[in-house]
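These are the residues of each chain, in order.
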Protein chains: 2
Amino acid sequence: MVHIISKKTVSFIGQKLAAQIDEQLFTKYGFKVEQLMELAGLAAAQAIAAHYPKSNVAVLCGPGNNGGDGFVCARHLQQFGFTPSIVYPKESRNELMKSLVVQCETSSIPITATLPTNLQAFPLIVDALFGFSFHPPTREPFTEMLKTVRASGIHVFSIDVPSGWDVELGAPSGNDDDVIHPHSVISLTLPKLCMKNWTGPHFLGGRFVPKSLVDEHELLMPQYPGFEQIVKLED
Amino acid sequence: MVHIISKKTVSFIGQKLAAQIDEQLFTKYGFKVEQLMELAGLAAAQAIAAHYPKSNVAVLCGPGNNGGDGFVCARHLQQFGFTPSIVYPKESRNELMKSLVVQCETSSIPITATLPTNLQAFPLIVDALFGFSFHPPTREPFTEMLKTVRASGIHVFSIDVPSGWDVELGAPSGNDDDVIHPHSVISLTLPKLCMKNWTGPHFLGGRFVPKSLVDEHELLMPQYPGFEQIVKLED
């Protein structure tokens, strides 16, 4: 069971502030990407395990930190009894991303560059392609992949910002066949402005922001119960 | 609430095997210390929050990875509403340990080299001095500190191996005034042999061991429920 809080009790933040908080966490506050990515990926996996039955799950990972969250999420999903496969279209040269690949490979989580041909064997897709630093439009090889996912009708769980969305404005109006239409979303740290009018299942994770950073930006942080790492946002 | 499992359902491991599993996680399986330390420290904080009321808590951190778990634990305890203070007698030159110091300092968690003079203001002490690579006896400045903690009668929660214990044989018989007599313990990955006859509250965390590593060593791993990161061991 995930504790429910009102979305009115938390700040929705813009792209610039999200980037600034991220930057401060890694400089002034001394956090390592590995640490916060582990907590983010764990929170995402917990939200999925709370909301969906155990199944095959295709985890689409981009080359940046959002993709890293996806790799970590896949690892934890396997621990929770899911059967993850990773789709990793554009390999990063980043050393941490290379380690995440090794972790998943040695954990017998398949990694492919393209969508599985038997996509319908996956009742759930995790979208970890682009995060809060994305600027539309999407480019190849992602555009084609997003179109296939959209056409498949398979439920998608997005990590932070649904891929293809403007971080502040949300899904593009007009042609949106290369954009994720998520079934559910987990926001990390705080929801981004694009989530303001979202009415589907909405989780929130990232219980690691120090109080002085919260105070500096006058953020409304979620009230997590006990030692939980995720909450669910409702009206 | 923490799920309870029988201690008969998990392996108790020796010092050599614990070291070997650790080494394999960081080499063959490609894990980063930062990742597994984050999960270990989080599990420890969750066990504490599940078992003790919110209070001041003094977290004694050694210079190695057990101490690193302690720093991470302190950070999460603060998020859970506890008021942690860190006691860090022997500074490490390790780059990750330095980052952990910055994280706690900027989170307004006090760090001192010696025990607080008002130790009785702390209803709980977390022992993160030595882990599974410890060999008795303890040395200064730890011996004196352990004696003071012992004499204080304050409840101690130990992370992995209670400090001063032989990893396999447990608490020394005879003179044991410089040894932790814990009130409760969290074992990480799997309990060590020294915990075999332990009858106090006993938690287990470290839900990250890949299946092929489990199979290679024919380990009995705990059955964690749902997406939980800790279980409690009972007879």
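Counting starts from 1 at the beginning of each chain's written sequence and moves along it residue by residue. Written order decides the labels, with chains lettered from A and ligands numbered from 1. Totals for whole chains, interfaces and linings use every residue, but because this is a predicted model, local features are given only for residues with pLDDT of at least 70 and side-chain atom pairs only at 80 or more, for both listing and counting. Derived side-chain values reflect all non-hydrogen atoms in the structure, with water molecules and hydrogen atoms excluded from consideration.

UniProt lists chain A under the name NAD(P)H-hydrate epimerase, from Caenorhabditis elegans. UniProt positions are given in the numbering used here, feature names are shortened, and annotations may be inferred rather than shown by experiment. Reading the Function entry of the UniProt record for chain A gives the comment "Catalyzes the epimerization of the S- and R-forms of NAD(P)HX, a damaged form of NAD(P)H that is a result of enzymatic or heat-dependent hydration. This is a prerequisite for the S-specific NAD(P)H-hydrate dehydratase to allow the repair of both epimers of NAD(P)HX." Of the comments in the UniProt record for chain A, the one headed Sequence similarities reads "Belongs to the NnrE/AIBP family."

Peer 1: Teacher, can you tell me more about the packing of aromatic side chains here?
Peer 2: Note on aromatic pairs: each is described by the distance of the centres and the angle between the planes. Residues and elements named next belong to chain A. Stacked, edge-to-face and tilted are the three classes for Phe, Tyr and Trp ring pairs, Trp counted by its six-membered ring, which pair at centre distances within 6.5 Å; planes under 30 degrees apart are stacked, over 60 edge-to-face, the rest tilted. By the definition in use, this model includes eight aromatic pairs over all chains. Centre to centre, the rings of Phe71 and Tyr88 are 4.9 Å apart; their planes meet at 90 degrees, and the pair counts as edge-to-face. In this pair, Phe71 sits in helix H3 (residues 65-79) while Tyr88 sits in the loop between strand S3 (83-87) and helix H4 (95-106), placing the two residues 17 residues apart along the sequence. Site record: aromatic cluster; members linked through ring pairs are Phe130, Phe134 and Phe142. Elements are defined by DSSP. Helices are runs of H or I of four residues or more, strands are runs of E of two residues or more, and each kind is numbered from the N terminus.

Peer 1: Quick question: what am I supposed to make of the sheet that holds strand S4 (residues 111-112) of chain A here?
Peer 2: Note: strands within a sheet are paired through backbone hydrogen bonds, in either parallel or antiparallel orientation. All names here are of chain A. Taken together, nine strands build an open sheet; the order of strands is S1-S9-S8-S7-S6-S5-S2-S3-S4 and the sheet is mixed. Each of the sheet's edge strands pairs with one partner strand only, and the pair in question is strand S1 (4-6) and S4. When DSSP finds two or more bridges between two strands, those strands count as paired. Across four bridges, the pairing between strand S5 (residues 124-128) and strand S6 (residues 155-159) is parallel. Residue pairing in the sheet places Val126 in a bridge with Phe157 of S6. Pairs of residues are marked as contacts when any of their non-hydrogen atoms sit within 4.5 Å. Axis geometry follows a simple rule: fit a line to the C-alpha atoms, using only the stretch in contact for helices, then measure angles between N-to-C directions, giving values from 0 to 180 degrees. Packed onto the sheet, H3 meets strand S2 (56-61), S3, S4, S5, S6 and strand S7 (184-188) and runs at close to 160 degrees relative to S2.

Peer 1: Mind showing me how you'd approach the UniProt feature "domain: YjeF N-terminal" in chain A here?
Peer 2: UniProt tags residues 18-221 of chain A as "domain: YjeF N-terminal". As annotated, residues 18-221 of chain A comprises 35% helix and 16% strand, and the C-alpha atoms at either end are separated by 14 Å.

Peer 1: Could you clarify how one ought to interpret the pattern of salt bridges in this entry?
Peer 2: Two side chains that carry opposite charge are able to pair once their charged atoms sit near each other. For this document, the term salt bridge refers to a Lys or Arg side-chain nitrogen within 4 Å of an Asp or Glu carboxyl oxygen. One pass over the structure, following the stated rule, counts ten salt bridges over all chains. A salt bridge links A:Glu95 to B:Lys32; the shortest N-O distance between them is 2.7 Å. Placement of the pair is A:Glu95 in helix H4 and B:Lys32 in the loop between helix H1 (15-26) and helix H2 (33-51), with the two residues belonging to separate chains. Given a relative accessible area of 16%, B:Lys32 falls into the buried group. The salt bridge involving B:Lys211 is made with B:Asp215; its shortest N-O contact spans 2.8 Å. Of this pair, B:Lys211 and B:Asp215 are both found in helix H6 (residues 211-216), four residues apart, which corresponds to roughly one turn of the helix. Note on exposure labels: buried denotes an accessible area under 20% of the residue type's maximum, exposed denotes more than 50%, and partly exposed covers the range between, all computed with a 1.4 Å probe on protein chains only.

Peer 1: Would you take a moment to explain the packing of helix H3 (residues 65-79) of chain B against helix H4 (residues 95-106) of chain B for this structure?
Peer 2: In helix packing, the relevant descriptors are the interaxial angle and the interaxial distance, both defined with respect to the helix axes. Residues and elements named next belong to chain B. Between H3 and H4, whose axes approach to 10 Å, the crossing angle comes to 20 degrees. In terms of orientation, H3 and H4 fall into the roughly parallel class. The chirality of how H3 crosses H4 is left-handed. Between H3 and H4, the contacting residues are Gly67, Gly68, Phe71, Val72 and Arg75 on the first element and Met97, Leu100, Val101, Gln103 and Cys104 on the second. Residue polarity follows a fixed list, in which Ala, Val, Leu, Ile, Met, Phe, Trp, Tyr, Cys and Pro are nonpolar, Asp, Glu, Lys and Arg are charged, and the others, Gly among them, are polar. For the contact of H3 with H4, a count of residues per class yields six nonpolar, three polar and one charged. When an angle is under 35 degrees it counts as roughly parallel; over 145 it counts as roughly antiparallel; between 65 and 115 it counts as roughly perpendicular; any other value is oblique. Each crossing gets its handedness from the near helix: less than a right angle anticlockwise from the far helix is left-handed, clockwise is right-handed.

Peer 1: When you look at helix H2 (residues 33-51) of chain A in this model, what are you seeing that I'm missing?
Peer 2: The periodicity of an α-helix, 3.6 residues per turn, causes residues three or four positions apart to be oriented the same way. The end-to-end C-alpha distance of H2(A) is 27 Å, a good match for the 27 Å that 19 residues give at a rise of 1.5 Å each. Of all 19 residues in H2(A), 15 are buried, a share of seventy percent or more. Helix span is expected to be 1.5 Å times the residue number reduced by one.

Peer 1: What's the story with the interface of chain A and chain B in this structure? I'm lost.
Peer 2: A common way to report how large an interface is uses the accessible area buried once the components associate. With 35 residues of chain A in contact, the opposing surface of chain B contributes 35 residues. Once two parts are put together, the accessible area they lose, assessed with a 1.4 Å probe and summed over both, is termed the buried area. Across the chain A/chain B interface, buried area totals approximately 3100 Å², and carbon plus sulfur atoms make up 57% of it. Along the contact surface separating chain A from chain B lie two salt bridges. For the side of chain A that touches chain B, the elements supplying multiple residues, two or more each, are H2, H3 and H4 of chain A. Top element by residues in the side of chain A that touches chain B is H2(A). It accounts for eight residues. Grouping the constituent residues of the side of chain A that touches chain B by class yields 15 nonpolar, twelve polar and eight charged.

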